Each structure stands twice: as C-alpha cells, then as structure tokens.
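So you can see what is in the structure, the chains are spelled out below.
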Amino acid sequence: MKNNNITPDLAEEIEYMIDLLTKSGFFNTDEILEILEDQFIVEEIDFSNYNISLNTSSNTNFTKLEKVFTNLSREGIVGIHNCGFDIEEGVNDAFELHVHLTNNNFKPSGFCFYTLEDVEYAVFDSSLKITFGDFEGDENKALKVGEIVYKYLKDEDFIINWDGTVNNQIEINPFKWDKSYDDKEYEIEGAYDVFTNQ
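Overview of the structure. (Residues numbered from 1 in each chain as written. Predicted model: local features only at pLDDT ≥ 70, side-chain atom pairs only at ≥ 80, totals over all residues. Heavy atoms only, no water.)

### Quick look at the packing of aromatic side chains
At step 1: According to the stated counting rule, one finds 19 aromatic pairs in the structure shown.
At step 2: Arranged with centres 6.0 Å apart and planes meeting at 50°, the rings of F26 and W177 form a pair that is tilted. With F26 in the loop between α1 (8–24) and α2 (29–39) and W177 in the loop between β5 (170–172) and α7 (187–196), this pair connects stretches of sequence that are 151 residues apart. W177 carries the same exposure label as F26, and that label is buried. (Phe/Tyr/Trp six-rings, centres within 6.5 Å; stacked < 30°, edge-to-face > 60°. Helix = DSSP H or I, 4+ residues; strand = E, 2+ residues; numbered from the N terminus. Buried < 20%, exposed > 50% of the residue type's maximum accessible area, 1.4 Å probe, protein only.)

Rendered as structure tokens:
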C-alpha cells in the first residue's frame, strides 16, 4: 500500500474517498478501484494492494427511501438514486432519462434525485437533500412535484426541512445513511426500470 509518491495529505484524501465510496453502498470493489484510479490519475498510484471491504449496513433508512422513490413512479415522478456527482450533472441525467422514457411512450411529469455529493453529506453529516423539478420548466408544476415528494417522504416518517418553494431542495434531517452494497441497478438505468415497471 505504501507508495513513495504518497504524502500524508494525499493518503488522507485517498482514505476519505475509499470511506465515502464504500459507505455509499453503490459501488463494488472493482468500481471503487476504477473511480480511485480516475480520481488520482495524475499521481500514478498503484491501487491493486489497497484492501477495500464493502460495508454491511442495515439498509433501514435506505429501504424507506427506495420505497418512496418507487411509489413516486406511480405518480408519474421518476426518482433517481445516486444521480450524477452534483446538481448540474443530476439535472442533465434526469433530462437524459426523460428522453429515453418519452421515446418509449412513457410520460413522466417530474423528477427527484440526490447526487453523490448529497450522499457524501448524508454519510458524514447525517442529512440528505433531494432535488426535484418538472420537465417543462413550469414553476407551478415543479412545485406540485415537490409537494408530492414531500408528502411521500413524510408518509415514511422522515423529518423534513423544506420551505415549500421551488428554490430550495427538500432536506431529510436527520438521515443516517445505511445502504449496503447490492447488485441492483440504480442511477438512470435503475430509475428507468422502476418507472417502466409500475
């Protein structure tokens, strides 16, 4: 695991990334190694000796969140887990998914998602933010989507902070991130499957 190029700061950064990626529960060992190699490509680090063990959390909160996203599909709202790295990427992915759905004669009215950045916040700060919107840029429709997302989250007894406007995300606080790795598809592929099977 030792590499002459690794400074204490760099070692800390690598450990942080491994901690986040394993605790996120979305990536297997090979995927984590691939992400690390991409992230630290300039440093030319050999990650083959890194011992990465996937977490085995309870899934209690994640199962409730997954149920919310599945139920939202029945309302015409596509819910996307781990959607992009940040909000901009997440919105792009949501609209890409919208194209796939409409090309196959599905008509989603809106979307909600959280990003890897949001997962990072949930893992280390126990709070999860959900972004929502509609596909037409209509504030009234977007607000309606937000209200439905809010209702379904409340139905699962999550404690929610939201000011009831389209300008702010819906925040579940506290939210203990407890997803363990499984072989299921998430992101836009998984969201497509869930939406089209409702």
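### A word on helix α4 (residues 87–103)
At step 1: The end-to-end C-alpha separation of α4 is 24 Å, in line with the 24 Å expected for 17 residues at 1.5 Å each.
At step 2: When α4 is considered as a whole, its buried residues turn out to be G90, D93, A94, L97, H98 and L101. End-on, the buried residues of α4 take up no more than an arc of 150°, which puts them together on one face. Exposed and oriented more than 90 degrees from the buried face of α4 are E88 and N103.
At step 3: Buried positions along α4 lie against β1 (77–80), β2 (110–113) and α7.
At step 4: Two residues or fewer past α4, N105 is found with a positive phi of approximately 65°. (Expected span 1.5 Å × (residues − 1). Arc of directions from axis to C-beta. Contact = heavy atoms within 4.5 Å.)

### As for the packing of α1 against helix α5 (residues 116–125)
At step 1: The N-to-C vectors of α1 and α5 enclose an angle of 95°; their axes lie 10 Å apart at closest approach. Comparing their axes, α5 and α1 come out roughly perpendicular. From α1, Y16, D19, L20, K23 and S24 reach across to α5, where they touch V119, E120, V123 and F124.
At step 2: Class assignment for the residues of the contact of α1 with α5 results in five nonpolar, one polar and three charged. (Axes fitted to C-alpha atoms, helices over the stretch in contact; angles between N-to-C directions. Parallel < 35°, antiparallel > 145°, perpendicular 65-115°, else oblique. Nonpolar A, V, L, I, M, F, W, Y, C, P; charged D, E, K, R; others polar.)

### Considerations on the pattern of salt bridges
At step 1: Taken as a whole, this structure holds six salt bridges when the rule is applied.
At step 2: We note a salt bridge from K67 to E156, for which the minimum N-O separation is 3.0 Å. Taken together, the residues span a long stretch of sequence, with K67 in helix α3 (residues 60–73) and E156 in the loop between α6 (139–155) and β4 (160–161) at a distance of 89 residues.
At step 3: For K179, the salt bridge goes to D182, with nearest N and O atoms at 3.6 Å.
At step 4: Residue K179 is classed as buried on the basis of its relative accessible area, which comes to 1%. (Salt bridge = Lys/Arg side-chain N within 4 Å of Asp/Glu carboxyl O.)

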